[in-house]
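Understanding the architecture of this molecule
Chain by chain, the residues run as shown.
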Amino acid sequence: MSTTPVHTPTVPTVVLVGHGMVGQRFLEALADRGVTERARVVVLCEEPRPAYDRVQLTSYFNGRTPEDLSMVENGFMEKYGIELYVGDPAESVDRAARTVTARSGQVFPYDTLVLATGSYPFVPPVPGKDARGCFVYRTIEDLLAIEEYAKTATTGAVVGGGLLGLEAAGALKGLGLDTHVVEFAPRLMPVQVDEGGGAALLRTIEQMGLTVHTGTGTQEVVTENGAVTGMRLSDGSEVATDMVVFSAGVRPRDQLARDCGLTVGERGGIAVDDTCRTSDPSVYAIGECALASDGRVYGLVAPGYEMALTVAAAIADEAEERSFTGADMSTKLKLLGVDVASFGDAHGTTEGCLDVVYSDSRSGVYKKLVVDGDGVLLGGVLVGDADSYGMLRPLTGSVPPVSPEQLVLPAGAGAPVALGPSALPDDAVICSCHNVTKHAISQCATLPEVKKCTKAGTGCGSCVKLIGQLLPEPADKGLCGCFSYTRTELYEITRTLRLTSFAELLDSHGRPEARGGEGCEVCKPTVGSILASLAPVIGAGGYILDGEQAALQDTNDHFLANMQRNGSYSVVPRIPGGEVTPEKLIVIGEVARDFGLYTKITGGQRIDLFGARVDQLPAIWTRLVDAGFESGHAYGKSLRTVKSCVGQTWCRYGVQDSVKMAIQLELRYRGLRSPHKLKSAVSGCARECAEAQSKDFGVIATANGWNLYVGGNGGATPRHADLLAQDLSDAELVRLIDRFLMFYIRTADRLERTSVWLERLEGGLDHLRDVVVHDSLGLCDELEALMAAHVADYQDEWAATLDDPERLRRFVSFVNAPDAPDPSVRFVPERDQIKPDLTVLTIGTMRAGTLEGV
Amino acid sequence: MNLELSHDVDADAWTTVCEASRLTPGRGVAALLPDGRQAALFLDRSGRAYAIENRDPFTGAQVLSRGLLGSAGGRAFVASPLLKQRFDLETGKCLDDDGVSVAVFPVRTV
Ligand code: SRM
Ligand SMILES: Cc1cc2nc3c(=O)[nH]c(=O)nc-3n(C[C@H](O)[C@H](O)[C@H](O)COP(=O)(O)OP(=O)(O)OC[C@H]3O[C@@H](n4cnc5c(N)ncnc54)[C@H](O)[C@@H]3O)c2cc1C
Ligand code: SF4
Ligand code: FES
């Protein structure tokens, strides 16, 4: 990765030691200021790969590859003629001769030297700390080693219950280990949160199944044959564990600086002044290795970035001098799924300060705000619900427009908090990772623009929600770049003009510049769905993969299965109402066994079979269709499941046959294409075991019939369904649902669930009731006719596919080698089943054998 | 009419992939190259063919051939079926991330 640009000895040279997050930000700042054009820039990088996003390190365990984590844009070094030496650390500095010697023996003269060597994890000097099975958590290599070792382990322990320790614990838990956390302080995250916050955090984390030991230190790592078997704690207890991850803080890497006689702090850190200069004016130190002029070492990335900009400006000789005198230590994190944030004077150390606390141990929420006597917000701690962090942090240092009590109360309790982003002053810092103000963000129109121009939102990402609220609502309500009409308008156009092809619609009603083109990934599936739901009445083909319709479907619909992260597919047969015979269950088991599929009960009362290659789908479905199964449409924006409780037939409380009704509804609406997926449930009595009130249409039995609820939603923003009508007979119920669904399909936006649609619908529930119950628009006959046509026209997509050799031809991995499986789709064992082999995907292009005989 | 793809421009080596009629305009297919790499081939509405690497650089999965074709500013692109990043079919450049691109292969119909 190194380039050797032409340079003459008269060109000044900048040498950067350490290519971590701050080092890379520094290089970008040099390039921005044109320094790379007039100076030689040399980078010595110790790790085996260029700078990557250490903050997001843990996301490696969620499938981000080391390449994804890279912070260096392709071609960046070449473009700016920067010489990068990967895997070649600096070993010594000769300040008199102004040279740096690297491990490879190369000697680099410098005019300016910048040290960005970061920190190293502190490992307490306990016996056994170097045993096999002991790790630290700092680099990609550390994670690879942990992952490998964890394969043979069942228990893991993390030493340190701070921010990084909890992140490491989450990772161990994610690797399937029984996880312990040992923290010396009396609470978790002692630096960031106070006692109350620590307690809330503890409760939630214990509920997740982690074992937490606070107020106790690690005395010894117990080993057997040189490998970890346990840990002895200072309270005398012993924890059996197969591996130990030390996460007990970090120490600045200042050895290089010490060795060449630069001033370092008593407790470590390379001492620098306001401009990040060390005791030698030609040497700077930035990032976690620096001891700032306020006497602190900053272990966060945002202050490091500030230092990088300060030094780049100084080297570029910018007229406007920058300085770094200290920084905000605010953090917001999601640890093990729990929101934790602290900002400003979180511990209330300011003299005379007061605090306002809200604590609800049932839900694990704890919020504290620190204010001074005049009501100026000084800081705070938020645990369990940190939504308001984005608003509160920028308000620090001012008197908030509403009282502190209102700011800590949960939404819905007491008076509503009328505090929107508009309340923020222009100079409020919205993105603390990149120090971007509200003013700078308001210069942009879209989120991608904000990210490009200001870098805001590209660090920890916690500010993205607030940025979204600051951006103007788009004036153009059109569906996408191809159509200026909304989905609803396109539905009406298609219906009234009886258009049966996308090309026709695009060429006649698209934006002028889009006519004759291909459409895009937004409008094609949307129109595909409209054509499918109107097919019987406009005379379009009923099979969604014939002719031009095939080109419109999202990839899942195109292969009638759900694509998984490694390009394999999952298969979900329909199990109406969740009722299934033992014979059919056995067939599913046999199919899964014979094709080696991972099997899981879904949250929708049916069974998902994962890990099928595209070329295996027809064979799998042949077996399933033969046994009487149909497509479950897990891939479609269409009806998913109608869940049921066992109901009157068996349950002592049941008042109607909820299973029978659920099956009837599922069979009626299966295959119905809609703006978003549709879910339903039927409960046999008001105890509501089927959770019908969280469904798009939910049915609850009464002594006299059925109550119909609509607009419920689980998912990210749950909504309780609204009661539309009571005590309906079977026929009344079905008729009302027919009307409701068809009215929704006709008027909802793309990807708008019924819950959001109902909230948006002018007149809300009352209007909906007027239309579908009282027929105020005179539409009901038409809506019912549309549904009747759908029901009559339904065919199982998989059976129809298997019947037609032409349709089956698409199910191959390679068009020119129909029998060759895709070599990149591989699996590794996990808990007696399989999971995708993701490392295979990170290798880059997999070369399969050869194309024998083709 | 066959679709042919060049996997080695210098050697002027062309591989016959399939009949052009196997492709639905607006969609793609995957092909295995003699050296083991995978290509994604597409036809647009006007019948023009394109070929790029099949590997989605964001996820590592060999899936670009299963994405949806679209056009913006008169140029065809494919949207990855996994996380929806778009790639220009002529240059291989990612339209949503400046630093990322995929290889492009010359194609011809004979
Ligand atoms: C398989 C399953 C998880 C499981 O192992 O249990 C699942 C898996 C997925 N869900 Fe789900 N959801 C599953 C039950 C649920 C449930 C529970 C339920 O249905 O009772 C919910 C909450 C209820 C709800 O939807 O209101 C649920 C809320 C979501 C959401 C959020 C929807 C929302 O309105 O907020 C998404 C994202 C979306 O649709 O945009 C989602 C999206 C997905 C996707 C499609 C994500 C994706 O695009 O890859 C997953 C792919 C499924 C696959 O590849 O087979 N899934 N998902 C469940 C399949 C049920 C089934 O038999 O069909
Ligand atoms: C798991 C984890 C989660 C984190 N989460 C957050 C977070 O949410 N928010 C936040 O603000 N911060 C977080 N941090 C901290 C953040 O990563 C650091 O503040 C940031 O990386 C500091 O950047 P740096 O460039 O100073 O040091 P580093 O990124 O550590 O880079 C220093 C580099 O210098 C190299 N080096 C050292 N000595 C030499 C030498 N002699 N020659 C050549 N190279 C050398 C090192 O190998 C290293 O690659 C987290 C850290 C970890 C480990
Ligand atoms: S909802 Fe009522 S009828 Fe159904 S299982 Fe629960 S208690 Fe029984
Ligand atoms: S605050 Fe971290 S990215 Fe903006």
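The rules we used
Residues numbered from 1 in each chain as written. Chains lettered and ligands numbered in written order. Predicted model: local features only at pLDDT ≥ 70, side-chain atom pairs only at ≥ 80, totals over all residues. Heavy atoms only, no water. Phe/Tyr/Trp six-rings, centres within 6.5 Å; stacked < 30°, edge-to-face > 60°. Helix = DSSP H or I, 4+ residues; strand = E, 2+ residues; numbered from the N terminus. Buried < 20%, exposed > 50% of the residue type's maximum accessible area, 1.4 Å probe, protein only. Lys NZ or Arg CZ within 6 Å of the ring centre and 35° of its normal. Polar contact = N/O pair within 3.5 Å; in protein donor to acceptor, adjacent residues only side chain to side chain. Contact = heavy atoms within 4.5 Å. Salt bridge = Lys/Arg side-chain N within 4 Å of Asp/Glu carboxyl O. Pairing = 2+ DSSP bridges. Axes fitted to C-alpha atoms, helices over the stretch in contact; angles between N-to-C directions. Buried area = accessible area lost by both parts, 1.4 Å probe. Nonpolar A, V, L, I, M, F, W, Y, C, P; charged D, E, K, R; others polar. Near = heavy atom within 4 Å. Left-handed = near helix turned anticlockwise from the far one by under 90°. Right-handed = clockwise from strand over helix to strand, strands pointing away. Expected span 1.5 Å × (residues − 1).

Turning our eyes to something else, we now look at the packing of aromatic side chains. Applying the stated criterion across every chain, the model contains 17 aromatic pairs over all chains. When the centroid spacing of 5.7 Å and the interplanar angle of 85° are considered together, the rings of A:Tyr669 and A:Phe697 count as edge-to-face. With A:Tyr669 in helix 21 (residues 658-669) and A:Phe697 in strand 34 (residues 697-702), this pair connects stretches of sequence that are 28 residues apart. Given the relative accessible area of 0%, A:Phe697 is considered buried. Here a set of aromatic residues connected by ring pairs shows up, and it is made of A:Phe559, A:Tyr569, A:Trp621, A:Trp798 and A:Phe811. Between the NZ or CZ atom of B:Arg108 and the centre of the ring of B:Trp14, over which it lies, the distance is 3.9 Å.

Here the focus is the side chain of A:Asn713. All names here are of chain A. Summarising the element assignment, Asn-713 is placed in the loop between strand 35 (705-710) and strand 36 (722-728). By relative accessible area, Asn-713 is classed as buried at 9%. A polar side-chain atom of Asn-713 sits 2.8 Å from a polar atom in the side chain of Ser-755. Residues in contact with Asn-713, not counting those within four places in the same chain, are Ser-694, Lys-695, Pro-718, Arg-719, Arg-753 and Ser-755.

Quick look at the pattern of salt bridges now. Pairs can form between side chains of opposite charge once their charged atoms are near each other. All names here are of chain A. Tallied over the full model, the rule gives 45 salt bridges over all chains. As a salt-bridge pair, Asp-594 and Arg-623 come within 2.8 Å of each other at their nearest N and O atoms. Of the two residues, Asp-594 sits in helix 19 (residues 582-595) while Arg-623 sits in helix 20 (residues 617-626), which places them 29 residues apart along the sequence. Residue classification places Asp-594 among the partly exposed residues on the basis of a relative accessible area of 44%. In the salt-bridge network here, residues are joined through shared partners; they are Glu-492, Arg-495, Arg-746 and Glu-782.

Before going further, it helps to examine unusual backbone geometry. All names here are of chain A. Positive phi outside glycine occurs at Asp-775, with the angle close to 55°. Locating Asp-775 in the fold gives a position in the loop between helix 24 (764-772) and helix 25 (780-793). For Asp-832, which is not a glycine, the phi torsion comes out positive at approximately 70°. Structurally, the position occupied by Asp-832 is in the loop between strand 37 (827-830) and strand 38 (833-836).

A separate point is the sheet that holds strand 1 (residues 2-8) of chain B. Residue and element names in this part refer to chain B. Taken together, three strands build an open sheet; the order of strands is 2-1-9 and the sheet is antiparallel. Here the strands that pair on one side only, and so sit at the sheet edges, are strand 2 (13-19) and strand 9 (107-109). Adjacent strand axes in the sheet meet at a mean angle of 30°, parallel and antiparallel pairs treated alike. The sheet contact formed by strand 1 and strand 9 spans three bridges and is antiparallel. Note on strand 9: the bridge partner recorded for Glu-4 is Arg-108.

Taken together, the 42 residues of chain B in the interface contact 52 residues of chain A. In total, chain B and chain A occlude about 3,700 Å² of area from one another, counting both sides; carbon and sulfur atoms represent 51% of this. On the chain B side of the interface with chain A, the three residues burying the most area are B:Leu32, B:Arg45 and B:Arg66, jointly 20% of the side's total. Joining chain B to chain A, the criterion identifies two salt bridges. Between A:Asp507 and B:Arg45 there is a salt bridge, with its nearest N and O atoms 2.5 Å apart. Where chain B meets chain A, there are 18 residue pairs in polar contact (both at pLDDT 80 or more). Going through the elements one at a time, strand 2, strand 3 (28-32), strand 6 (68-72) and strand 7 (75-79) of chain B are the ones with two or more residues in the side of chain B that touches chain A. Of the residues belonging to the side of chain B that touches chain A, the class tally is 20 nonpolar, ten polar and twelve charged.

So, about the side chain of A:Thr218. Residues and elements named next belong to chain A. As for its placement among the helices and strands, Thr-218 is situated in strand 13 (residues 218-224). Here Thr-218 falls in the buried class, since its relative accessible area comes to 15%. Non-local contacts of Thr-218, meaning those with residues more than four positions away in its chain, are made with Val-126, Val-159, Val-182, Met-231, Arg-232 and Leu-233.

Take the site of ligand 1 next. Residue and element names in this part refer to chain A. Residues in contact with ligand 1 amount to 20 residues; listed here are only the nearest, Gln-564, Thr-602, Gly-603, Arg-606 and Gly-714. With respect to ligand 1, the side chain of Arg-606 contributes an N or O atom lying 2.7 Å from an oxygen atom. Looking at the shell around ligand 1, its residues break down into one nonpolar, eleven polar and eight charged.

Residue and element names in this part refer to chain B. Across the sheet, three strands lie side by side as 3-4-5; this open sheet has antiparallel pairing. With one partner strand each, in any of the chains shown, strand 3 and strand 5 (49-53) form the two edges of the open sheet. Each strand axis lies, on average, 30° off the axis of its neighbour in the sheet, ignoring direction.

This paragraph deals with the packing of helix 22 (residues 730-747) of chain A against helix 24 of chain A. All names here are of chain A. Between helix 22 and helix 24, whose axes approach to 10 Å, the crossing angle comes to 120°. The chirality of how helix 22 crosses helix 24 is right-handed. On helix 24, the residues that touch Leu-736, Arg-739, Phe-740 and Phe-743 of helix 22 are His-767, Leu-768, Val-771 and Val-772. Each residue belonging to the contact of helix 22 with helix 24 can be placed in one class, and the counts come to six nonpolar, one polar and one charged.

The next subject is the pairing of strand 33 (residues 678-683) of chain A. All names here are of chain A. Extensive coverage of strand 33 is indicated by the burial of five of its six residues. Of the strand pairs in this sheet, strand 32 (residues 639-644) and strand 33 are connected by four bridges, and their pairing is parallel. Among the inter-strand pairings, Lys-643 is bridged to a residue of strand 33, identified as Ala-681. For the segment spanning strand 32, helix 21 and strand 33, crossover handedness is left-handed. Where strand 33 lies against strand 34, four bridges are found, and the strand directions are parallel. Looking at the pairing, Val-682 lines up with Val-699 of strand 34.

Now for helix 22 of chain A. End to end, helix 22 of chain A covers 26 Å across 18 residues, agreeing with the expected 26 Å (1.5 Å per residue, within 8%). Across the 18 residues of helix 22 of chain A, 14 count as buried, placing the element largely inside the fold.

As a further point, take helix 15 (residues 487-497) of chain A. Those residues of helix 15 of chain A that fall on the buried side of the exposure criterion are A:Arg487, A:Leu490, A:Tyr491, A:Ile493, A:Thr494 and A:Arg495. Check the buried side of helix 15 of chain A and you find it contacts helix 16 (502-509), helix 17 (523-538), helix 22 and helix 25 of chain A.

We now examine the environment of A:Arg750. All names here are of chain A. Locating Arg-750 in the fold gives a position in the loop between helix 22 and helix 23 (754-760). Since its relative accessible area comes to 33%, Arg-750 is described here as partly exposed. Counting along the chain gives 271 residues from Arg-750 to Leu-479, while the straight-line C-alpha distance between them is 8.0 Å.

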